[in-house]
Amino acid sequence: MSSEEGQVHSRLGIRLNKICCIGAGYVGGPTMATIAAKCPHITVTIVDLNEARINAWNSDSLPIYEPGLDELVRSCRGKNLFFSTDVKKGIEEADIIFASVNTPTKTQGVGKGRAADLRFIESVGRTIAQYSTRSKIVIEKSTVPIKTAEAIARVLTANETSGGTIGKKFWILSNPEFLAEGTAMKDLDAPDRVLIGGQVDDAVQVLVDIYANWVPRDKILTTNLWSSELSKLVANAMLAQRVSSINSIARLCERTGADVKEVSRAIGADSRIGPKFLNASIGFGGSCFQKDILNLVYICEQFGLNEVAAYWQSVVDMNDNQKVAFTHRIISALFNTVTKKKIAVFGFAFKKDTGDVRETPALTVCDMLMADGGIVHVYDPKVSYEEAIQEFKYHGIEVNEDQFIFSKTPAEAADGAHAIVVLTEWDEFKTYKYEDFYRKMMKPAFLFDGRNMLDHDGLERLGFEVHALGKASSSASAADEGGGYITRACSSPNMRSYKPQKTADGMLL
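This section reports on the structure supplied with the text. Note that the structure is predicted; figures quoted are calculated from it, not measured.

## Concerning the packing of helix H1 (residues 28–38) against helix H3 (residues 69–76)
Between H1 and H3, the shortest axis-to-axis distance is 9 Å and the interhelical angle comes to 50 degrees. Here H3 runs oblique to H1, going by the angle between their axes. When the axes of H1 and H3 are compared, the crossing they make is left-handed. Judged by residue contacts, Pro-30, Ala-33, Thr-34, Ala-36 and Ala-37 of H1 engage Leu-69, Leu-72, Val-73 and Cys-76 from H3. Of the residues belonging to the contact of H1 with H3, the class tally is 8 nonpolar, 1 polar and no charged.

Structure follows, in structure tokens:
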């Protein structure tokens, strides 16, 4: 397989002892740190033009939070794991190159709001072609739509040269990530599967051999490029579908007296269904689910599969609807207005064990509360005020700094509040002494559990009026609260344009 030095592939002519990853973000950083830890014989360099981000990776305060990541980086950094802004050097010195850059949804032009914006991944292809002096294996690590490898290949092959026995060639592989933020390091250490797509067996085997240093061979799946690219989109779409499905049932439970937790437990016991992703919540967030589903919708439309596109669009619509309905439930329970009322929000990250706020459901909830005049005080153990404001700005939402305040402690957020609203399932939220919060809150004191994670009976005994998802409220106002409003789905993160309307029987729409 390799030369006498054990470092150069005998047929492909590429060096096997160095890896370069372009992109030092949520995927590139943890993935490369894991490879470095599991493959001490390979030197791994992560390059990024963002100097501040690279400086953070080289410091004691990493740019992202992920349990276990800090310890892993510290154990390898400076040995066989390096972070640099010198992209040219990184490409020149390594023949195995991962492309792990952002592929956001397009914000303008054809496919706006749905299609993937591939300018960064295209730029990576051109940069590799520009600085390569010998053959390379180029690995798509970014989440990309099907046939993206074909576009990258066109850019790279246009720069192939011939000479000697092999010349300068590029082999494209797809290696999508299946990481869940908050458990990414566990997912990398013991993955359910590693998927590698490629057209040239020798190139595929190079990547298989890297992962085989710690992943059992039967969990390393190989396929063609197109199946690999599509599998990532479909995986996220299927998981998001489960979230929207159980949330739709939660709304029905609120009207009928059923308890969505009991329904989830019953159906999750079926081995064909399983219990995962069956917890009712305010909806999914993060950088992948909505983006990937909308991308899937766009691809289906491009192939004339309009019914298929509509099916997957409904998953996103239900998710948006859930956030709107939950917020209206808050406003309705608080006597139809939150104007000048302090609302304590526990959690702004889109899920626990991460500081990521991209597409967080908290964005919609906080925006709608502030639009109704509420004064929102947020406590999150990992998210900063600046990060939250940046996400608002990304979605074109202006924030009145007098209405959006970050608290240093949960007690500070709850002091004098009319309600506590739980929006992230941080484990520490279960450990608080809510009786202390209750004593300092306005009465009646409300608690809205957007993650169905707290002891609702215990909170009610303390005196809270508790509103949980998928369960009719036991309060006197339950019959009047809308039980989970009927709302129109809205696919825009900015919900300020939403205007409640009444039907003939007084029901809000």
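## Considering the packing of aromatic side chains
Under the definition given, this model contains 23 aromatic pairs. A centroid spacing of 5.2 Å and a plane angle of 65 degrees characterise the contact between Tyr-438 and Phe-464, whose relative ring orientation is edge-to-face. On the criterion of sequence distance, the pair formed by Tyr-438 in helix H16 (residues 434–440) and Phe-464 in the loop between helix H17 (456–462) and strand E14 (465–468) is long-range, its members being 26 residues apart. Here the two residues Tyr-438 and Phe-464 agree in accessibility, since each one is buried. Connected via pairs of aromatic rings, a cluster forms that spans Phe-346, Phe-429, Tyr-432, Tyr-434, Phe-437, Tyr-438 and Phe-464. Looking at Lys-443, its charged tip hangs above the ring of Tyr-438, at a distance of 4.6 Å from the centre.

## A closer look at the sheet that holds strand E3 (residues 81–84)
Read from one edge to the other, the open sheet built from 8 strands follows the order E3-E2-E1-E4-E5-E6-E7-E8, with strand pairing classed as mixed. Among the strands making up the open sheet, the edge pair consists of E3 and strand E8 (220–223). Strand-to-strand, the axes of this sheet are offset by a mean angle of 25 degrees, without reference to chain direction. By the bridge criterion, 4 bridges tie strand E1 (residues 18–22) to strand E4 (residues 96–99) in an arrangement that is parallel. If you follow Cys-20 over to E4, its bridge partner there is Ile-97. Helix H6 (residues 148–157) rests against strand E5 (136–140) and strand E6 (170–174) of the sheet, and its axis sits at about 165 degrees to E6. Sheet strands in contact with helix H9 (residues 225–256) are E5, E6, strand E7 (194–198) and E8, and its direction is about 140 degrees off that of E7.

Reading the values: rules and limits
- Going along each chain's sequence as written, the residues are numbered from 1 onward.
- Local features are withheld for residues below a pLDDT of 70 in this predicted model, meaning they are given only at 70 or higher, and side-chain atom pairs are given and counted only at 80 or more; totals for whole chains, interfaces and linings count all residues.
- Excluding hydrogens and water, the side-chain figures rest on all heavy atoms present in the structure.
- Each axis is a line fitted through C-alpha atoms, taken for helices only over the stretch in contact, and angles between the N-to-C directions span 0 to 180 degrees.
- Each helix is a run of H or I in the DSSP string that is no shorter than four residues. Each strand is a run of E no shorter than two, and both are numbered from the N terminus.
- Every angle not falling under 35 degrees, over 145, or within 65 to 115 is termed oblique; those three ranges are roughly parallel, roughly antiparallel and roughly perpendicular.
- Helix crossings get a hand from a simple test, with the near helix turned counterclockwise from the far one by less than a right angle marking a left-handed crossing and a clockwise turn marking a right-handed one.
- Residues are treated as being in contact if the distance between any of their heavy atoms lies within 4.5 Å.
- Any residue outside Ala, Val, Leu, Ile, Met, Phe, Trp, Tyr, Cys, Pro, Asp, Glu, Lys and Arg is labelled polar, Gly included; the first ten of those are nonpolar and the last four are charged.
- Paired rings are identified among Phe, Tyr and Trp, the last through its six-membered ring, by centres lying within 6.5 Å, and are further divided according to the angle between planes into stacked (under 30 degrees), edge-to-face (over 60) and tilted (the rest).
- Think of it in three bands: with a 1.4 Å probe and only protein chains considered, a residue is buried below 20% of the maximum accessible area for its type, exposed above 50%, and partly exposed in between.
- Definition used: whenever NZ (Lys) or CZ (Arg) falls within 6 Å of the ring centre and also within 35 degrees of the ring normal, the charge is taken to sit over that ring.
- Strands were regarded as paired on the criterion that DSSP finds at least two bridges between them.

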